[in-house]
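Residue-level listing of the chains:
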Amino acid sequence: MTTPDAQSALAIPGFTHVYSGKVRDLYAPDGRDDQLLLVASDRISAFDFILDPPIPDKGAVLTQLSLWWFDQLADLVPHHVVSTDVPDVVAGRAVLVRRLEMVPVECVARAYLTGGGLREYAADGTVSGLALPEGLRDGDRFAAPLFTPSTKAPMGEHDEPMTYEEVEAEVGPELAARLRDLTTRILARGNEIAGERGILIADTKVEFGLDADGTLVLADEVLTPDSSRFWPADQWEPGHPQPSFDKEFVREWLLSPASGWDRASGKAPPRLPPEVVERTRAKYVEAYERLTGRTF
Ligand SMILES: Nc1ncnc(-c2cnn(Cc3cccc(F)c3)c2)c1Cl
């Protein structure tokens, strides 16, 4: 199915546009039904708006970071990547992947309490049905990452928390156990590696699919600042919202008088000034270079 803005997605010779997410687009290779092309745009989203202008190189940086994580995690779980030999028009920011039967659960793991999980906790002391100790504050770290799954809401709507029992009902107890185990291990491994480089990954969303043999495969993107919350470790201080590693400049400017934007108005935010765009680009490059040890 194509989204209403299908005509606005980039045309890629030899591929058919299938679907557009907020910041990524999905294409199918003409004449093949066993592969997909995942394209990361330079679009940035904040406060549930897609902002203007795009952040140069964001799509390429996050694609290359995700590819690096797939390699770091290959001993834990197989991944869906087929090739990075992609059309020039999306060079560096697209991946050819195996088409899988996607598991209908957003597999979220949380190493720290914040965001929607904190709102749920404040309301009833649980996150995705998991009872937590009392007195936890924004940004507190859990002893071990929690599996807090949610539904795959349609585009533009918010995912709804799922209890573990609901996941079992949806996919069966065996697969539910595999999803919980792998999702929490991926975040734990991510924080082992990122922690050494001064970055905390507060939470992450991963997606799995089943291949023709029924093997569980890690799909989509993994441990990027778009699928996860990245926090600078040296500023971690529970008790209030943590600064975002990559989106803090955007958020601060949009919430400052300089932008003239009133978030409560529900109106779309104004265009970001060049220095905010450049400083944000630099944060994505910094995250990539610190985590991978490579130069972008
Ligand atoms: N290997 C796979 N096999 C089948 N389906 C998918 C799949 C479908 N949707 N998504 C999420 C998404 C990824 C990028 C751009 C978007 F617009 C949406 C991923 C994958 Cl990754």
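With an unreviewed UniProt entry as reference, the protein chain is termed Phosphoribosylaminoimidazole-succinocarboxamide synthase, source organism Knoellia aerolata DSM 18566. Quoted verbatim from the Catalytic activity (unreviewed entry) field of UniProt, the annotation for the protein chain is "5-amino-1-(5-phospho-D-ribosyl)imidazole-4-carboxylate + L-aspartate + ATP = (2S)-2-[5-amino-1-(5-phospho-beta-D-ribosyl)imidazole-4-carboxamido]succinate + ADP + phosphate + 2 H(+)". Quoted verbatim from the Pathway (unreviewed entry) field of UniProt, the annotation for the protein chain is "Purine metabolism; IMP biosynthesis via de novo pathway; 5-amino-1-(5-phospho-D-ribosyl)imidazole-4-carboxamide from 5-amino-1-(5-phospho-D-ribosyl)imidazole-4-carboxylate: step 1/2."

K.L.:
Let's hear about the overall build of the protein chain: which residues, and what values?
P.N.:
Each helix and strand in the protein chain was counted, giving 6 helices and 15 strands. Out of the 296 residues belonging to the protein chain, those deemed buried represent 51%. Long-range pairs, those at least 24 residues apart, make up 59% of the contacts in the protein chain between residues at least 6 apart in sequence. Side-chain charges of the protein chain comprise 30 positive and 48 negative groups, with the mean position of each set lying 4 Å from the other.

K.L.:
How would you explain the site of the ligand if you had to name every residue and give the values?
P.N.:
Tyr19, Gly21, His80, Arg98 and Leu100 are the nearest of the 15 residues found near the ligand. One of the side-chain N or O atoms of His80 is found 3.0 Å from a nitrogen atom in the ligand. Within the backbone of Arg98, a nitrogen or oxygen atom sits 2.7 Å from a nitrogen atom of the ligand. For the shell around the ligand, the secondary-structure elements that each account for two or more residues are strand E1 (15–20), strand E2 (24–29), strand E3 (35–40) and strand E7 (94–98). With 3 residues, E2 is the largest single contributor of residues to the shell around the ligand. Of the residues belonging to the shell around the ligand, the class tally is 7 nonpolar, 3 polar and 5 charged.

K.L.:
Now, about the packing of helix H3 (residues 164–171) against helix H4 (residues 173–196): what can you tell me, with residues and values included?
P.N.:
Interhelical geometry of H3 versus H4 gives an angle of 125 degrees and a closest axis separation of 7 Å. Relative to H4, the element H3 lies oblique. Note on packing geometry: the crossing formed by H3 with H4 is right-handed. Contacts between H3 and H4 involve Tyr164, Val167, Glu168 and Val171 on the former and, on the latter, Pro173, Leu175, Ala176, Ala177, Leu179 and Arg180. When grouped by side-chain class, the residues that make up the contact of H3 with H4 number 8 nonpolar, no polar and 2 charged.

K.L.:
How would you summarise helix H6 (residues 274–292) if you had to cite specific residues and measurements?
P.N.:
Over its 19 residues, H6 runs 27 Å from end to end, which matches the ideal 27 Å to within 8%, given 1.5 Å per residue. For H6, the full list of buried residues reads Val276, Val277, Thr280, Lys283, Tyr284, Val285, Ala287, Tyr288, Leu291 and Thr292. Against the buried residues of H6 lie helix H1 (58–72), H4, strand E13 (199–210), strand E15 (228–232) and helix H5 (248–255).

K.L.:
Describe the UniProt feature "domain: SAICAR synthetase/ADE2 N-terminal" (unreviewed entry) in the protein chain, naming the residues involved and giving the relevant values.
P.N.:
The UniProt entry lists residues 18–264 under the feature "domain: SAICAR synthetase/ADE2 N-terminal" (unreviewed entry), expressed in the numbering used here. A distance of 34 Å separates the end C-alpha atoms of residues 18–264, which is 26% helix and 27% strand.

Definitions and cut-offs
Residues numbered from 1 in each chain as written. Predicted model: local features only at pLDDT ≥ 70, side-chain atom pairs only at ≥ 80, totals over all residues. Heavy atoms only, no water. UniProt positions renumbered as here; feature names shortened; annotations may be inferred. Helix = DSSP H or I, 4+ residues; strand = E, 2+ residues; numbered from the N terminus. Buried < 20%, exposed > 50% of the residue type's maximum accessible area, 1.4 Å probe, protein only. Contact = heavy atoms within 4.5 Å. Lys, Arg positive; Asp, Glu negative; His and termini not counted. Charge placed at Lys NZ, Arg CZ, Asp CG, Glu CD. Near = heavy atom within 4 Å. Polar contact = N/O pair within 3.5 Å; in protein donor to acceptor, adjacent residues only side chain to side chain. Nonpolar A, V, L, I, M, F, W, Y, C, P; charged D, E, K, R; others polar. Axes fitted to C-alpha atoms, helices over the stretch in contact; angles between N-to-C directions. Parallel < 35°, antiparallel > 145°, perpendicular 65-115°, else oblique. Left-handed = near helix turned anticlockwise from the far one by under 90°. Expected span 1.5 Å × (residues − 1).

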